[in-house]
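Observations on the model geometry
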Amino acid sequence: MTASRWLLKPLVFVACLGPAIYLLIGAFNLWGVSLGADPVHELLHTCGNWALKFLLITLCMTPLRDMTHAIVWQRLRRMFGLFAFFYVILHFAIYIVLDQSDQLGAVWQDIIKRPYITIGMLALLLLIPLAATSTAAMQRRLGRRWTMLHRLIYPIAILGVWHYWWGVKKDIREPLVFACVLSLLLGYRLFKRYRPRLHSRPLAVRERV
Amino acid sequence: MRKFAQYSPLCNPSDITPEHKFLSRRALIAGGMGFAAAQVLGFHRRALAQGAGGALMFTRNAKYTVAEAPNSFKDISTYNNYYEFGTGKSDPSENAQQFHTRPWSVTVEGESEIKGTFTLEDILKPHPLEERIYRMRCVEAWSMIVPWVGFPLSDLLKRFKPTSKAKFVQFTTLLDPKQMPGERGSVLNWPYSEGLRIDEAMHPLTLMTVGLYGKVLPNQNGAPLRLIVPWKYGFKGIKAINRIKFIERMPETTWAESAPSEYGFYANVNPAVDHPRWSQATERHIGGSLFDQRRPTLPFNGYDKEVASLYTGMNLQKFF
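**Side note on helix α3 (residues 72–99) of chain A**
Compared with the 40 Å implied by 1.5 Å per residue over 28 residues, the 39 Å span of α3 of chain A between its first and last C-alpha is a close match. Taken from the residues just after α3 of chain A, S101 of chain A is the one with a positive phi, measuring 45°.

**Looking at the sheet that holds strand β2 (residues 105–110) of chain B**
All names here are of chain B. Ordered by their spatial adjacency, five strands build an open sheet running β3-β2-β11-β6-β7, and the pairing between neighbours is mixed. Unpaired on one side and paired on the other, β3 (116–119) and β7 (193–197) mark the two borders of the sheet. Sheet twist, expressed as the average angle between the axes of neighbouring strands with direction ignored, equals 20°. As paired elements, β2 and strand β11 (residues 241–247) share four bridges and run parallel to each other. The partner of V108 across the bridge, within β11, is I244.

**Description of the packing of helix α2 (residues 39–68) of chain A against helix α9 (residues 173–194) of chain A**
Residue and element names in this part refer to chain A. For the pair α2 and α9, the least separation of the axes is 10 Å and the interaxial angle reads 25°. In terms of their interaxial angle, α2 and α9 are classed as roughly parallel. Like other packed secondary-structure pairs, α2 and α9 cross with a definite hand, here left-handed. Contacts from L52, L56, L59, C60 and P63 of α2 reach α9 at F178, V181, L182, L185 and Y188. Classifying every residue of the contact of α2 with α9 by side-chain character gives 10 nonpolar, no polar and no charged.

**A look at unusual backbone geometry**
All names here are of chain B. Of note, the amide linkage connecting W190 to P191 takes the cis form, showing an omega dihedral of -5°. Here P191 shows up in the loop between β6 (168–173) and β7. Geometrically, the link from A223 to P224 is a cis peptide bond, its omega value of 5° lying close to zero. Note on placement: P224 falls in the loop between β9 (215–216) and β10 (226–228). Backbone geometry places Y213, a non-glycine residue, at a positive phi of 50°. Along the chain, the position of Y213 falls in the loop between β8 (207–212) and β9.

The rules behind these values
Residues numbered from 1 in each chain as written. Chains lettered and ligands numbered in written order. Predicted model: local features only at pLDDT ≥ 70, side-chain atom pairs only at ≥ 80, totals over all residues. Helix = DSSP H or I, 4+ residues; strand = E, 2+ residues; numbered from the N terminus. Expected span 1.5 Å × (residues − 1). Pairing = 2+ DSSP bridges. Axes fitted to C-alpha atoms, helices over the stretch in contact; angles between N-to-C directions. Parallel < 35°, antiparallel > 145°, perpendicular 65-115°, else oblique. Left-handed = near helix turned anticlockwise from the far one by under 90°. Contact = placed C-beta atoms within 7 Å. Nonpolar A, V, L, I, M, F, W, Y, C, P; charged D, E, K, R; others polar.

Following this line, the structure appears as structure tokens:
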């Protein structure tokens, strides 16, 4: 507990900030770091990419806990989830401020006219209540409802990967990798819930899904 | 491979005359610069034989310029869409360095009197080079300004004497998966091919391009021979051309074939026709500051005065 609080968590926190710090350095061309000829595109896509990665990392925590029986994964889950939210917000802010130059009319047109932006927007909106109820106090207060609410992470992750898939011009290899990893992670949960009962233990002692 | 030297219609004595004219024209230019004409020609050929980075002799065509400064050589040569060398923007500059652009040949076929396979040197020999500064608008809604070096495509096509059946021209990129790693995958249908209506191909703005910033084209920009059609989206500018075919019917083109609802044969820059997944009304100009505003995209990329008449009476919403 202490080691995790005073050592592991701060280390992981700093590591999770890494991509953002790198982008910040690159955006100002410090120490020879460059984001290439189209830095706005690079900022936009790198943040979106990390948002998805953090969503998938968050979804890895439960399977890792089940496999290793270590509690440490559970402790990191909230931080990863909040970093997913952090990178989604950065992605969205860069889209509005740098990519669309604050032309809110154009942004609104994008949201209503372009399905891949619509679903990306929806994923972002759904993430807000999750981030807002991420504290231990909220978790206690909401009890079972908290668990229900936070199952939204599944549709959010699906919408996020779908948004990426639809947005790429032609080369779908990377969104395909995301989709495969997500399918595994969701498949694991389905399997846990509906696994064949042949060898299962009596219902009373089955762990909760 | 057949060379021009063995190919009578292009190499009979009367055809040498244009080269004399060419020589004397070069001599005038060169005279002003203190070179002898022979040296200039030799220089020109040597540079082209060298491959990427060799200096070219050219004149600046002041008729084709843009008020704003061109993008940096670095931006133009590291931010490329050239899927034969990878789908990332920096992949071509990283993966095309070992690409062999010499020796090179171009096959001409279809509805023309003169056909055959010609060496790059034979293709280029009679054409004085000029520099033109053009706007470049990518279908992905970004833009640049680029100082190309080349010669009018029409001058080249006329040498092959297209027949009355030649309504379209089709261009094909080299198919060589050993050298072009992207061609080992199936992200597009290889080899890349593009096409123009014959009047578009013969339009004076259409440039057969061999250089950038006064030097032989970097491999990642389409060496040794690429097309530039400045009023159309960048993907019409096919790179590493090794086949030119005159045909009667509109050819399939790679991007239009891969996603017909998103990319058309004409691909004229048109702010009024959105790509289904993004707006074409504005563009991000490469090379500015992070907080630069998007710019309005111009009809025909700003070349409407020159080319709009090619499309009179056509529904450009339908023929996008």
